[in-house]
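Analysis of the macromolecular model
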Amino acid sequence: MTKTDAILKTRNLTKQFDGVRAVDDLSISIAKGKVTSVIGPNGSGKTTLTNVLSGLASIDGGSVVLHSVALKKIRPFDMPSYGMTRTFQEVRLFEQMPVLDNVLVVLTERSVFGALFERHGAFHEKQAEEALKKVGLWEKRNEPASTLSYGQRKLLEIARVLALSAGRQTDIILLDEPFAGLFPKMVKTVSSIVKALRDEGRTVVLIEHNMDLIRELSDHVIVMDSGKFLAEGRAAEVLERRDVIEAYLGE
Amino acid sequence: MEILSQLILNGVIAGALYALMALGFNLIYGVTRFFNLAHGVLAAIGGYAFFTLSKTLGLNIYLGAAIGVAVAGLAGYGFDRLVYSTLRKRKASNLVLLVASLGVFTTAQAALSILFTSNFQTLSSGEAGGSALSLFGGVVTRTQLVIIFSSIASMLGLAALLKGTMFGKAVRAISDDEEVARMVGINTGRVTGYVFFIGSAIAGFAGILAGFDTGIQPTMGMGLLLKGVIASIIGGVGNIYGGVLGAFLLGLVENFGIWKIPGEWKDAVSFVLLIVFLIFRPQGIMKR
Amino acid sequence: MDYILHLAILVIIYAILGLSLNLVVGYTGLLASGHAAFYGIGAYATAILTASLGVNFFVSMAAGIIASAGAAFLIGAVLSRFDGDYYALVSLGFNVIIYSVFLNWQGLTRGPLGIPGVPRPALFGIEFSSGVFFLALAAFFLALSFLAARFVARSSFGRVLKSIREDEKAIQVFGYNTVYFKLAIFVISAGMAAVAGSLLSSYITFVDPSSFTVMESVFILAIIIFGGLSSLKGSVVGALVLVLLPEALRFAGFPQSLAAQMRQGVYGLFLIALMLYRPQGLFGEFKL
């Protein structure tokens, strides 16, 4: 991979919690229009990395380079304007709102005045409908999100991201363990969504544990261990490496 | 110079009273993690229990005070059993508990006004606050000295209880992590009940002392509560030592504040202090 | 008949307060506990401008809305940094501060004496001085407030408010700077509360600080929690029930002198019972 087609990079990125370096001097590049899996044993700092990238955790050292702009500070509400969106490992839905509203709310006007005078038009409804149909939740649209099953909740998160990325052309999508706890049928749905996103030219950063899915979906794999960069390359090569296997076995 | 020592004295006296409120409030917050806004009415309950026993029925004042403190403690314990513990078992959010405590506060305060009228009553007999003494160039009444000493004694007593006993260990365990405390076999419901008893009893004590210093009124709870809460937060919420520190800081700031501006602004001054802390040092003086 | 008109007007005033507060508490999930402050700013604006300066009522109401919204903008700039129980506490603190201003800025508000002689509204020579006319005027403003609240609630803005209530961090990640949304709804809500205040001071023809205490804020909170959080219909029904219920108690033979205390006791018990048995209230869609 050449440096020029990297859409998202971290440069010596560091994040500490109470003196523990959850992300430690990490420098990685994410290629545009590819599926990059970030893997590593539990506690290797993958989720902290997504939280730093999405502004939910502050940057303690180093920087994040997005579209070749170096950022020392990311505010969470700036994410979409950087063309980035995410899902959460521990699903975060708007529980007491209907399924449809969970999707509509990411599509509407961002400014206070704009939103105040906006009635969601057919345009937003259509995008939300498309996204919900892709994950098979359109029939549930009027039910509160809190009534969904675990797997459906994960799918709704994905629908939210799909709607946002379709509506606002966010081209970087961070998926934090989207497959965990899903039934095989739902796994199929999500993996075909990931492939479709790549085919549309979007950049997907996938945090995942399931090796079969990583092999199937990734163009590139980055391995983290104890917050540090450990290895990268094609899935088939990286997953055979002794140090990578040891990192996992040492868990 | 005299003004200065008087202001410091007044600040310490006020701080001692607020410290008593903060002690109980923080103790309860530590194990339950919600703002118990009914805490203030327990001071009024203690004050009125004492008023009934010693002034109306003529009981010995020490005995009256002891029973008054116990009544406040039992009332707090009862509120926990009847309302809060049920909500906790349902894993209600801390806003639900806060609103419920607001309901307890309002109901109990209304009950006190119906039983005892809304009039101002003084607890001390004879000249208000006992004879005045001169101290470091300032004037302090006997009652006020009692307030200062009993506040310090309550803090030391509570500290000893939390440090030296199994009960104290259980309280600290629940404060750290209730789930874990329950798993190692602590009866968290019962310990929390005792904590409500102790915290509320201290508030009742504060109410009696405040009644001796100035007087009692059914509505006295809100003022004392807010001072206790502000002291707790600026001291470091859930940290009983921090709360005491915060109480004295609050007492001093209030009294120095009204040196230059009229005394009616006292409550506003204390909230401004709170807001300044919340913006610039939200974790308080002593982090939990 | 006059008595019924009187109650109807009170219900309307509290319904407007409930509608406006529900936008913040029910829709946005922020437990604002100082609504009486903005109610008071509207009332004082009308009292001062009409009684002392002879300004037309409707102009004074507009001025009240602007003053209240302006105060809410400043207060909200601080308040919007908080959420959960801290939001409740700090908003309550601002109520205390504003109340202190009403009580102590004698030059403007005449302090505890209050401002008498507030005239009834007049427009193009029509005076709304009789009870029926005033009721019609109040009902008009209730309808206007209801439509305004519904406009806000049904907009995209309203949906963002609900998502803030559900998970503020999550909605931020989707590109909303939530501080602005929290501030905006707080300002809108305060402006609406000022309308109720204007109506009150012109209806009673008198205004004093005692109508704008923290207890009054708790009462408004009880109205919307009873009626149902994030239900506009609920706010109106809540005002109806909670204003009329204490009156019913009077007919049941409770003495008139205890009316205020009975009212407090009733809504205190309501709050407790609601938290225990029906935290979403009558028509609520949202549980705290």
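Residues numbered from 1 in each chain as written. Chains lettered and ligands numbered in written order. Predicted model: local features only at pLDDT ≥ 70, side-chain atom pairs only at ≥ 80, totals over all residues.

Below, the discussion takes up helix 6 (residues 184–199) of chain A. Residues and elements named next belong to chain A. Relative to the 22 Å expected for 16 residues at 1.5 Å per residue, helix 6 spans 23 Å between its end C-alpha atoms, a close match to the ideal helical length. All of the buried residues along helix 6 are M186, V190, I193, V194 and L197. An end-on view of helix 6 places all buried positions within 100 degrees of arc, on one side of the element. With respect to the buried face of helix 6, the exposed residues turned more than 90 degrees away are P184, K185, K188, S192, A196 and D199. After helix 6 finishes, the residue G201 shows a positive phi value of roughly 95 degrees. (Helix = DSSP H or I, 4+ residues; strand = E, 2+ residues; numbered from the N terminus. Expected span 1.5 Å × (residues − 1). Buried ≥ 20, exposed ≤ 12 C-beta atoms within 10 Å, placed from the backbone. Arc of directions from axis to C-beta.)

Summarising the model, chain A shows a mean pLDDT of 89, and 96% of its residues fall at 70 or more. Looking across chain A, the model is least confident in helix 9 (residues 242–249) of chain A, with a mean pLDDT of 81, and most confident in helix 2 (residues 99–104) of chain A, with 95. (pLDDT = per-residue confidence, 0-100.)

This part takes up the interface of chain C and chain A. Contact with chain C, which involves 24 residues of that partner, is made by 28 residues of chain A. Mapped by element, the contributors of at least two residues to the side of chain C that touches chain A are helix 7 (156–166), helix 8 (168–173) and helix 9 (178–204) of chain C. With seven residues, the top contributor of residues to the side of chain C that touches chain A is helix 7 of chain C. For the side of chain C that touches chain A, the residue count by class is 12 nonpolar, six polar and six charged. (Contact = placed C-beta atoms within 7 Å. Nonpolar A, V, L, I, M, F, W, Y, C, P; charged D, E, K, R; others polar.)

Residues and elements named next belong to chain A. The sheet built from four strands is open, its strands ordered 2-1-4-5 with antiparallel pairing. Unpaired on one side and paired on the other, strand 2 (20–31) and strand 5 (69–71) mark the two borders of the sheet. Between one strand axis and the next, the sheet turns through 20 degrees on average, direction left out of account. Two strands pair when backbone bridges link them, and strand 1 (residues 6–17) and strand 2 are joined in this way by eight bridges, in the antiparallel orientation. Bridge pairing in strand 2 links F17 to V20. (Pairing = 2+ DSSP bridges. Axes fitted to C-alpha atoms, helices over the stretch in contact; angles between N-to-C directions.)

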